[in-house]
Every structure is written in C-alpha cells, then in structure tokens.
2 protein chains.
Amino acid sequence: MGEIMNTLVVFAHHEAASFNAAMKDQAVAVLSARGHQVMVSDLYAMNFEPLAQRSDFTELSGTEPMNYLMEQRNASAKNAFSEDIKAEMDKVRWAETIIFQCPIWWFSVPAILKGWFDRVLATGFSWDFGKNYDQGLLRGKKALLSVTTGGSGPMYESTGINGDIHQMLFPVHHGVLYFCGMTVLEPFIAYAAFQAGDEGRKKYLEQYKEVLEHLDSRAVIAYRPHADFDDSGRLK
Amino acid sequence: MGEIMNTLVVFAHHEAASFNAAMKDQAVAVLSARGHQVMVSDLYAMNFEPLAQRSDFTELSGTEPMNYLMEQRNASAKNAFSEDIKAEMDKVRWAETIIFQCPIWWFSVPAILKGWFDRVLATGFSWDFGKNYDQGLLRGKKALLSVTTGGSGPMYESTGINGDIHQMLFPVHHGVLYFCGMTVLEPFIAYAAFQAGDEGRKKYLEQYKEVLEHLDSRAVIAYRPHADFDDSGRLK
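Given the structure is predicted, the values throughout are model-derived calculations rather than measurements.

### Regarding the side chain of Lys141(A)
All names here are of chain A.
Here's step 1: By the secondary structure assignment, Lys141 is in the loop between α4 (111–120) and β4 (142–148).
Here's step 2: Buried and without a salt bridge, Lys141 has Glu96 as its closest oppositely charged side chain, separated by 8.0 Å.
Here's step 3: One polar contact links the side chain of Lys141 to the main-chain carbonyl oxygen of Val92, over a distance of 2.9 Å.
Here's step 4: From its side chain, Lys141 meets the backbone oxygen of Arg93 in a polar contact 3.0 Å long.
Here's step 5: Lys141 has contacts with Val92, Arg93, Ala95, Glu96, Met182 and Thr183, leaving out every residue within four places of it along the chain.

### Some points on unusual backbone geometry
Residue and element names in this part refer to chain A.
Here's step 1: Pro65 follows Glu64 through a cis peptide bond whose omega is -10°.
Here's step 2: Structurally, Pro65 is set in the loop between β2 (37–42) and α2 (68–78).
Here's step 3: Of note, the phi angle at Asn79 is positive, near 50°, even though the residue is not glycine.
Here's step 4: By the secondary structure assignment, Asn79 is in the loop between α2 and α3 (83–94).
Here's step 5: Overall, Asn79 belongs to the partly exposed group, its relative accessible area being 48%.

### Structural notes on the confidence of the model for chain A
Here's step 1: When pLDDT is averaged across chain A, the result is 96; 99% of the residues are at 70 or more.
Here's step 2: Here the complex is predicted with pTM 0.98, and the ipTM for its interfaces comes to 0.97.

### A look at the relation of the copies chain A and chain B
Here's step 1: Mapping chain A onto chain B calls for a screw motion: a turn of 180° about the axis and a shift of 0.0 Å along it, with 0.0 Å RMSD after fitting. Given the turn and translation reported, the copies of this chain are related as if by a two-fold rotation axis. Ranked by how close their C-alpha atoms come to the rotation axis, the residues of chain A are headed by Ala111(A), at 2.4 Å.
Here's step 2: A symmetric contact is evident, with 100% of the interface residues of chain A recurring at the interface of chain B.

### A short note on the interface of chain A and chain B
For interface size, the figure often reported is the accessible area lost on association.
Here's step 1: On the side of chain B, 56 residues touch chain A, which itself brings 56 residues to the contact.
Here's step 2: The residue Arg234(A) makes a salt bridge to Glu157(B) at a minimum N-O spacing of 2.9 Å.
Here's step 3: For the pair chain A and chain B, the interface holds 22 residue pairs in polar contact (both at pLDDT 80 or more).
Here's step 4: Elements represented by at least two residues in the side of chain A that touches chain B include exactly α2, α4 and α5 (165–178) of chain A.
Here's step 5: Take the side of chain A that touches chain B: its biggest share by element is seven residues, from α5(A).
Here's step 6: Of the residues assigned to the side of chain A that touches chain B, the class counts are 33 nonpolar, 16 polar and seven charged.

Thresholds applied
Residues numbered from 1 in each chain as written. Chains lettered and ligands numbered in written order. Predicted model: local features only at pLDDT ≥ 70, side-chain atom pairs only at ≥ 80, totals over all residues. Heavy atoms only, no water. Helix = DSSP H or I, 4+ residues; strand = E, 2+ residues; numbered from the N terminus. Buried < 20%, exposed > 50% of the residue type's maximum accessible area, 1.4 Å probe, protein only. Lys, Arg positive; Asp, Glu negative; His and termini not counted. Salt bridge = Lys/Arg side-chain N within 4 Å of Asp/Glu carboxyl O. Polar contact = N/O pair within 3.5 Å; in protein donor to acceptor, adjacent residues only side chain to side chain. Contact = heavy atoms within 4.5 Å. pLDDT = per-residue confidence, 0-100. Least-squares fit on C-alpha atoms with pLDDT ≥ 70 in both. Nonpolar A, V, L, I, M, F, W, Y, C, P; charged D, E, K, R; others polar.

So this is what it looks like as structure tokens:
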C-alpha cells in the first residue's frame, strides 16, 4: 500500500451532482481507503474569490501603481495574505500530491480555478526569481490534472481539429505546475464525458480508480531543468 | 484612413494607473482619432462576475445535473441570459474588432477575463455544434491579444525556458478566438513590461500606436478550416 500520503483535491465545478463531483468523490474514497489523508478545496462551495486584488494583502508595500506579483513577494516575506489565501497555502504546504478536478472550458481550467492559481500560487510562496521550474518552491510535490472535455479523443490527437491534448494543457502543466517545481503526472482525461452516457462515465470512474491506486508509479511528464538555460532564458 | 470600424476593448487589470491601463487608453485614443467607434469593457471596474453558475440564466431547461454548455444553448434560443451577459453579448455583436488587453498571469489570461470567455462566449451565441473554427458564429470579426509578460523575449523563443509564445497563447488564439470563427491577428506582446522601466514602456506604447494604425493589414495567424477534418475530428 505504500507510504501514507497527504493529498489535496482542488475541485472546480458548480454542480454537486455532476460527473466532475463524482470524480472528486472517487479520489477521496479511493485514496482514503488506502490510508491516505485527503483534503478537498471545493472552490464553488467555498465561494472562492477568483479575482487578484488589493484586498488579498493585509499590508501593501506602498509602491504605486501596485504590481500584484511584487505585492505577493512582499506579503510572502511578511505573511501578509488575506485569510482565504493563507488557508489554501496551508493546504498546499501540507499536501504531497495535489489533484485538480475540473471540466475543460475554453481549452483551459474554469475561471474559479484560474483565480486559485493567480492568488494562491504567490511569488515567494510557490516560486521566486531564479527559483522556478525544477528549482520551484513546491518541488517534491506531485500534481495530477483530472479533467473532462466536451470533445472526443480523436479531436485531441496531434492532427486532430482541437490540436494535441498536451499542447492544450501545456500552459497549465508546464507554465503553472512545473513552474512551481511540481512533478507533473500524466493527466487523466475523460473525453466527451457528457456524451459518454451513464455507462461511459461509469467506465471512466473505474479507470480513474486504477489511476488513483497506482499514482506512485504513474508516468511523469519530462521537462527540461533550469540549468539547461542560460541567464537570458535561452537553451544553452 | 479606411472604413469606420467598431472596436471593443476588453480590459482586465485591477489598477487604473497600470501600464495595461495605459495600453487600453492608447487603443481608445488612437482608434478614436482615426474616426473609429470604440467601446471598453473594463472588467475590474465593472466588477464583472467571472463564475459560470445557474444565475447566468433567467430560465433553466430543467435537466439535472445542470450542464452549463447545454444551458447556454437553451438560453441562446430563448434569450434567457442574465443582464450582465446580455450587455457583453451586445458589445460583441456590435464589434468588428475585439482587442483583449491584459497581463499574462500563469501563462494565460487573468481569471476575470477567463470568466468573460466562460460566460459571454456562450454556445449558440459564439459557436454551436458543427459551427466552430472557420464556421464559428463570430466569423468576420477580428481579434487581437495585447498582453504584457513578466518574462523577457528570449524566454519565449522556441527554445526558451518558457516555451514559444505562440505555444503559450495557442489555447486562447486557437481554442477561444478562432474556435468562435474570429480572424486572429498576430498578438502585440510587451515583454518584461515591469522591468522595462519608464523608457521601455514608452517605447511599447509607441510601437502599439503603429500596430493600431495598421490593424487593417496586420498579419493573421493561419489555422486549418473545419473542412480539413473528418466527422471524428481527424485530419483528412
């Protein structure tokens, strides 16, 4: 059964009876049954605030116009984040694995989850200047995207009409998760979840159970380390 | 000077004194001086709601669990959107060109603009089944991303540490704008806008003026038409 693992499930869907909610519940059930500790951030249920703004900080540096990224750095040094952001940061610190469960809307995550990235993964907390990618501050943690799509699998092949699924997810996989130093696992994709019908969705839940039971050995998406690039950011 | 053109600027930044705001103002000034009609959706100032939810519809189809995309279709047929969504749709209908002005956060647009995509570009309004990409319902309109980045230009070259800028923007360019049928112009990127200093930012504003004065002839990003793919979405 492996070691006990702390897992955070960040869940972004508005409907408690949705297939995405069932996927979130599956993660909680399977991982708990294996003796892992699981926490859930149910963003819609929490009425999570998605907008980066001044009230995210209990203290401002005073520099005008306010630069959000620089204020994040300042707040990281002074622990001056709003309570809702601090609570999410505590969960991230605690977690060894973070699962993101959401539908793909417009080739990306729903706005509420984008807002979680914008606000919680603060400069000075998840990364800092010179400390990103394999040097990111969240290194050692694993991340898994578990998403549903409207389009079918063939549409997301390399010559499919929507383009390769990994190209679509690159900004999140590479630009968010790996940027913070996380080890990015191969995503779980429930293609055309709406059109799959009850049987198809049941099958997805079973496949997902398998994935969850073998997270330890799930394939990792390989990315280049920081050291491969020179100071200007060009490949050496 | 060309024809009179209706332009909508969708602006997503929290600070009225920011460089992004100056870029938005530049677009309004330059296009107005050329006799064009310009409208601005200042999402933060409007306190624009970014979360897709039931209250986006004045009438629901009654299907449970609610599927947001299917409710959008239903609402498009019955004009049953909330007032804030209707107001944005009216601007989109009116516009011949839409400019999106925002900072790049986490390799994508800020949550508030993602929420605008999620809620305003509704199924049945901007696209429908079989009516996407070059067949999208917003075909004939032009779209321009004008964005600022934290990273410098070399970091976004094809072998740069952040990956090619066009790869980063692909989900928005191809997956949002072209998906709705819009003609996607080459983006305007103000790299490392924060570190550029006052002189650098002044130069960006001048370059942007040039871009705005020659929008008619700005290079278009070429994408494959729908007819290149078979019914399963695979390249023929």
